[in-house]
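Structural overview
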Amino acid sequence: MKTNLYWIFLFLFTFINCKQESKHKDYAIAIHGGAGAILRKEMSAEKEKEYMSALNNALDIGEKILKEGGTAMKAVEQVIIFLEDNPLFNAGKGAVFTNKGEHELDASIMDGQTAQAGAVGGVRVIKNPIRLARLVMEKSPHVFLIARGAETFGIVNGLDTVSNDWFDTEFRKKTWIKALEAEAKDSLGKLGMKYVNADSKFGTVGCVALDLKGHLAAGTSSGGMTNKRWGRIGDAPIIGAGTYAEDGVAAVSCTGHGEYFIRNVVAYDLIARMKYGTATLAQASHEIIHEKLKSLGGDGGLIAVDHAGNIELCFNSIGMYRGWAKAGKREVKIFK
Ligand code: ASP
């Protein structure tokens with residue numbers, strides 16, 4: 001009798017365990033290439049095509065990794081590397097110009113499974129800042145490294161470097177020159193931040209992903225805001241402001257006027273509303289972007305995926321370069 005009971009228990013135990021093992025979730029991924037005053041009438045059909053195809057290619061990269069069982073971290077990092085290398089976006093190649101006519105890049109990445117994170121701010125010669133952020137997470141005892149120190153850490157660890165002007169593009173140069181001209185006409189301009197990002201276009205890139213094992217990750221990479229100075233750092237590399245991921249809750253990446261996202265701890269606010277409150281992903285995103293930030297005058301948006309694979313792409317600006325994919329489904333959009 002005793003032996004029989006033993007076998008019955010063993011069978012039930014193995015059966016339940018196997019069921020849990022095979023209970024794979026579906027993957028989900030979302031990306032953004034910045035929010036802001038993106039007007040259809042200002043964009044040629046050809047440019048629109050270029051953006052749409054870049055966003056689709058980025059999703060292809062992420063989906064392939066996730067479908068094959070790769071981690072959410074890998075998908076996020078590889079998608080962001082692709083977007084950093086694409087001159088259309090304000091991250092890596094194509095980053096905006098600072099007041100001095102240079103580029104200072106910010107990036108961060110967070111692993112929802114381990115709650116580990118890495119971030120870099122104000123780096124000038126590392127080709128892919130998101131790689132450096134991941135390296136900080138994995139190979140240093142720190143979370144956030146800045147400027148020359150961060151670069152030295154990347155170089156010692158073998159990352160590719162480029163000269164700062166490698167990030168130049170004609171389009172971003174024009175925007176910077178316009179900002180300088182406007183500022184020169186206004187004697188008070190230099191005292192405020194009025195001519196920082198004067199065209200209200202944000203081109204930061206971000207990615208959030210849920211992998212087949214149910215783990216979440218988020219990452220963000222940015223050149224910051226046009227004509228920035230004084231070592232200004234935005235929200236993109238600030239864990240809890242521009243980026244956050246927590247298994248069992250959600251993964252978030254933001255874009256917009258960074259100062260508002262920092263003061264409102266936007267990425268973590270979304271997590272907190274879901275974790276400690278009763279908000280769904282959709283409710284939390286809506287309340288933060290359309291109510292809280294909007295009432296303060298903070299322009300921008302966020303992308304997020306929760307533990308169940310629900311996706312939100314939410315913005316209070318005119319447009320946001322964005323896309324998402326799940327098994328057999330995909331959407332890529334720029335305008336509302
Ligand atoms: N959030 C970024 C910053 O303030 C800008 C962007 O989203 O493009 O630096």
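So, here is what we can say about the structure in this document. (Residues numbered from 1 in each chain as written. Predicted model: local features only at pLDDT ≥ 70, side-chain atom pairs only at ≥ 80, totals over all residues. Heavy atoms only, no water.)

Every one of the 13 residues lining the ligand counts as a neighbour, but Thr204, Arg232, Asp235, Thr255 and Gly256 are closest to it. For the ligand, a nitrogen atom lies 2.7 Å from a polar atom in the backbone of Gly256. Computed on the free molecule, the ligand has an accessible area of 270 Å², of which 100% lies beneath the protein chains in the complex. Taken atom by atom, the bulk of the ligand overlaps the largest cavity. Split by residue class, the shell around the ligand holds two nonpolar, nine polar and two charged. (Near = heavy atom within 4 Å. Polar contact = N/O pair within 3.5 Å; in protein donor to acceptor, adjacent residues only side chain to side chain. Areas by Shrake-Rupley, 256 points an atom, 1.4 Å probe, with all protein chains shown as cover. 1 Å grid on protein atoms, 1.4 Å probe; cavity = no way out; pocket = protein on both sides within 12 Å on 5 of 7 lines; lining within 4 Å. Sits in = over half its atoms within 2 Å of the grid points. Nonpolar A, V, L, I, M, F, W, Y, C, P; charged D, E, K, R; others polar.)

Glancing now at the packing of helix H3 (residues 72-85) against helix H4 (residues 129-139). For the pair H3 and H4, interaxial distance at closest approach is 8 Å and the crossing angle is 150 degrees. Relative to H4, H3 is oriented roughly antiparallel. Packed against H3, whose contacting residues are Met73, Lys74, Glu77, Ile80, Ile81 and Glu84, the element H4 presents Pro129, Ile130, Arg131, Arg134 and Met137 at the interface. For the contact of H3 with H4, a count of residues per class yields six nonpolar, no polar and five charged. (Axes fitted to C-alpha atoms, helices over the stretch in contact; angles between N-to-C directions. Helix = DSSP H or I, 4+ residues; strand = E, 2+ residues; numbered from the N terminus. Parallel < 35°, antiparallel > 145°, perpendicular 65-115°, else oblique. Contact = heavy atoms within 4.5 Å.)

Now for the environment of Gly300. Tracing the sequence through the fold places Gly300 in strand E9 (residues 300-306). Relative accessible area serves as the criterion here: at 0%, Gly300 is assigned to the buried category. Residues Gly300 and Lys201, spaced 99 residues apart in sequence, show a C-alpha to C-alpha distance of 9.4 Å. When sequence neighbours within four positions are dropped, the list of residues in contact with Gly300 reads Ala35, Thr255, Gly256, Phe261, Ile289, Cys314, Phe315, Asn316 and Ser317. (Buried < 20%, exposed > 50% of the residue type's maximum accessible area, 1.4 Å probe, protein only.)

Honestly, it's all geometry; don't read function into it.
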